[in-house]
2 protein chains.
Amino acid sequence: MAKAPQFRVALLQLPAAQTGQDRLALAEQAVREAAAKCGPRTLLCVLPELFASAYFCQTMDPAGFALAEPIPGPTTQRLGQLCAELQVALVASLFECTAPGLYYNTAVVFDVDGSIAGKYQKSHIPCDPQYEEKFYFAPGDTGFAAFDTAVARVGVLICWDQWYPEAARLTAMQGAEIIVYPTAIGGIDSEPPSEWQRQREAWQTVQRGHAIANGVFVATVNRAGREPGPNGGIAFWGHSFCAGPQGEWLAQLGESPETAIVTCDRERAQEVRQWWPFWRDRRVDLFGPLTQRFGPVAK
Amino acid sequence: MAKAPQFRVALLQLPAAQTGQDRLALAEQAVREAAAKCGPRTLLCVLPELFASAYFCQTMDPAGFALAEPIPGPTTQRLGQLCAELQVALVASLFECTAPGLYYNTAVVFDVDGSIAGKYQKSHIPCDPQYEEKFYFAPGDTGFAAFDTAVARVGVLICWDQWYPEAARLTAMQGAEIIVYPTAIGGIDSEPPSEWQRQREAWQTVQRGHAIANGVFVATVNRAGREPGPNGGIAFWGHSFCAGPQGEWLAQLGESPETAIVTCDRERAQEVRQWWPFWRDRRVDLFGPLTQRFGPVAK
């Protein structure tokens, strides 16, 4: 069956977590509201990274592992039922346990019938003050992937992956029409607001660059607001956005919880790839050294 | 010897070519004026792509090969003397002939003593209406490289290379402190001005992304103004720019011929790489498929 000329993506910029909040119900409500504005089988919903809890990686605490669950598991069962009921596709970032002591930062792609189209384990794991992810997560073992859903062929990367052009390229090479980035990023108080702004702009720019280099849509979904933690916690800066295959802005949210629903035009994407046929000319014969950490150290 | 805390780069945005113009004299004048504003051994000058002539690739014409010359050759000899006299480093994009019938789009890096620090042959060759480069140039055989000069360790890529994150990455992996892109890009009249603007923004954004992903300075130098050719020729859009290692704007020129001299702060570059240590986490174990053209075709 020929693909529709357009599909839609909903950026569900959820609020920062509060104590005692039912995050799954919150997410469910956001998905329901977005679905109500769109026809069935046309909408891809994207939730922020690790949406089901507070961003527990602010500290290293073995108690945090209690939040993990298997995939499939109770959360994927509930989200699958939701997708089937509403006939929406969904990307949900979860804390996955695959074996005792083995945990991943994993995103699950649900198709519109509620089935799991695939899962992706975050490949690049950060370790920064208040982003202690190397304590919790093994580097992903799925590799880079894109998954067919009734809405679109969806590539998934997660947060820190967004700084790596290789990750976007390899995902686009799997035929992704859109790359989604569930994200948890914000400022910490030891850095001045001018630095937050530079970082935020860099964060958007590098991902718009992935859209351009690969001729794909990019949709990045962050949480919005402050969560407590050491040194004042993290002020998640929102600013979820969607860029078209020329890097053009299709949507950008502010610093508050909010949803954007964006139309992605397949003909436009096709045109952009034909006008500037970057894919044709990659010098794959020269790219072998990309599997090295670095070249010879400069003098 | 420890490196200076800063170095400078001059973006020499030359005018579009006119009939009978001595392009080499024009370039020499621009280099002299920039050098006069800076101390010796602190300045890297960058000229636009194929600055020594009109952009002859608008049409396929075997007569165009008469413009090519060997490296080293008469032009590199003259430019080397200039660099030695002024004690500036220089990146000059030339039309290189290495054997009868074998031509490259090549950039030469001169050190401040006038010697050739190295040359780079453009790896990715475009073939678009009025950019008939595949007719003239073999895909470069040098691979990606950075070269030590007294001013900085300089990575060089050329125009169409700027759309390829792999090229920037492999050049940065050679220890480049700055990646320079001699460029010849503009609009053609069959596309509306709104498209020119989108393209120009995409062109800058993807390169700012390379700066961010790799923690390097990026300096891109275009020519400015219209050159005749089929269908009204090409309106080279100028807008040469320099971005810092966070993708931040350090300079951006307009649509007229002009020079910008930019200070590049090594401490700032070091800080950026330490705050966001992207280099640490590359999943080189997963990057092997980057040497493929594409992955499995999507359904």
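Bear in mind the structure is a predicted one, so any value in this text is a computation, not a measurement.

### Examining the overall build of chain A
Thinking step 1. Broken down by element type, chain A carries six helices and 15 strands.
Thinking step 2. A compact globule built from 299 residues should have a C-alpha radius of gyration of about 19 Å, and chain A, at 19 Å, falls within 12% of that.
Thinking step 3. With respect to the three principal axes, the spread of C-alpha positions in chain A is 60 × 50 × 40 Å.
Thinking step 4. For chain A, the proportion of its 299 residues judged to be buried stands at 63%.
Thinking step 5. For chain A, contacts bridging at least 24 residues in sequence account for 70% of all contacts bridging at least 6.
Thinking step 6. In the structure as shown, chain A presents an accessible area of about 10600 Å², 54% of it carried by carbon and sulfur atoms.

### Quick word on the interface of chain A and chain B
Thinking step 1. Contact residues are listed per partner, giving 64 residues for chain A and 63 residues for chain B.
Thinking step 2. Of the roughly 6200 Å² buried where chain A meets chain B, counting both sides, 60% is carbon and sulfur surface.
Thinking step 3. When residues of chain A are sorted by the area they lose upon contact with chain B, Trp276(A), Leu290(A) and Arg293(A) head the list and together hold 11% of the total.
Thinking step 4. Our enumeration of links across chain A and chain B arrives at ten salt bridges.

### Remarks on the side chain of Gln130(B)
Residue and element names in this part refer to chain B.
Thinking step 1. Along the chain, Gln130 falls in the loop between strand S5 (116-121) and helix H3 (133-136).
Thinking step 2. Residue Gln130 is classed as buried on the basis of its relative accessible area of 6%.
Thinking step 3. Side-chain polar atoms of Gln130 contact the side chain of Gln58, separated by 3.3 Å.
Thinking step 4. Ignoring any residue separated from it by four or fewer positions in sequence, one finds Gln130 in contact with Tyr55, Cys57, Gln58, Ile188, Pro230, Asn231, Gly233 and Ile234.

### Focus on the pattern of salt bridges
Thinking step 1. Across all of its chains, the model carries 42 salt bridges over all chains by this definition.
Thinking step 2. Between Arg153(A) and Asp148(A) there is a salt bridge whose closest N-O contact spans 3.1 Å.
Thinking step 3. What makes Arg153(A) buried here is its relative accessible area of 10%.
Thinking step 4. With a closest N to O distance of 2.9 Å, Arg282(B) and Glu166(A) form a salt bridge. Of the two residues, Arg282(B) is situated in the segment after helix H6 (266-275) and Glu166(A) in helix H4 (residues 165-172); the pairing between them involves two chains.
Thinking step 5. Using a relative accessible area of 4% as the deciding quantity, one classes Glu166(A) as buried.

### What about helix H4 (residues 165-172) of chain B?
Thinking step 1. Among the eight residues in H4(B), eight count as buried, and that is most of the element.
Thinking step 2. Among all positions of H4(B), only Pro165(B), Glu166(B), Ala167(B), Ala168(B), Arg169(B), Leu170(B), Thr171(B) and Ala172(B) are buried.

### Remarks on helix H1 (residues 23-36) of chain A
Residues and elements named next belong to chain A.
Thinking step 1. With 14 residues, H1 should reach 20 Å at 1.5 Å per residue; the first-to-last C-alpha distance of 20 Å fits that figure.
Thinking step 2. Every buried residue of H1 is accounted for by Arg23, Leu24, Ala27, Glu28, Ala30, Val31, Ala34 and Ala35. Viewed end-on, H1 has its buried residues packed into an arc of 160°, placing them on one side of the element.
Thinking step 3. Backbone nitrogen of Leu24 and a side-chain oxygen of the N-cap are separated by 3.2 Å at the start of H1; the cap is Asp22.

### Digging into empty space enclosed by the protein
Thinking step 1. Under the criterion given, the structure shown has four cavities of 30 Å³ or more.
Thinking step 2. Its volume calculated, the largest cavity comes out at about 60 Å³.
Thinking step 3. Split by residue class, the lining of the largest cavity holds six nonpolar, four polar and no charged.
Thinking step 4. In this structure, the second largest cavity is lined by Pro165(A), Glu166(A), Arg169(A), Leu290(A), Pro165(B), Glu166(B) and Arg169(B).
Thinking step 5. Looking at the lining of the second largest cavity, the elements with two or more residues in it are H4 of chain A together with H4 of chain B.
Thinking step 6. For the lining of the second largest cavity, the class distribution of residues is three nonpolar, no polar and four charged.

### What about the sheet that holds strand S8 (residues 178-182) of chain A?
All names here are of chain A.
Thinking step 1. Across the sheet, which stays open at both edges, the six strands sit in the order S6-S7-S8-S10-S13-S14 with mixed pairing between neighbours. The open sheet has two edge strands, strand S6 (146-148) and strand S14 (249-252), and neither has a second partner. Strand after strand, the sheet turns through a mean of 20° between neighbouring axes, direction not considered.
Thinking step 2. The pairing of S6 with strand S7 (residues 153-156) spans three bridges and is antiparallel. Of the residues in S7, the one forming a bridge with Ala146 is Gly155.

Cut-offs used in this document
Residues numbered from 1 in each chain as written. Chains lettered and ligands numbered in written order. Predicted model: local features only at pLDDT ≥ 70, side-chain atom pairs only at ≥ 80, totals over all residues. Heavy atoms only, no water. Helix = DSSP H or I, 4+ residues; strand = E, 2+ residues; numbered from the N terminus. Rg over C-alpha atoms; globule rule 2.2 N^0.38 Å. Buried < 20%, exposed > 50% of the residue type's maximum accessible area, 1.4 Å probe, protein only. Contact = heavy atoms within 4.5 Å. Areas by Shrake-Rupley, 256 points an atom, 1.4 Å probe, with all protein chains shown as cover. Buried area = accessible area lost by both parts, 1.4 Å probe. Salt bridge = Lys/Arg side-chain N within 4 Å of Asp/Glu carboxyl O. Polar contact = N/O pair within 3.5 Å; in protein donor to acceptor, adjacent residues only side chain to side chain. Expected span 1.5 Å × (residues − 1). Arc of directions from axis to C-beta. 1 Å grid on protein atoms, 1.4 Å probe; cavity = no way out; pocket = protein on both sides within 12 Å on 5 of 7 lines; lining within 4 Å. Points joined across faces, edges and corners; volume = space filled by probe spheres on them. Nonpolar A, V, L, I, M, F, W, Y, C, P; charged D, E, K, R; others polar. Pairing = 2+ DSSP bridges. Axes fitted to C-alpha atoms, helices over the stretch in contact; angles between N-to-C directions.

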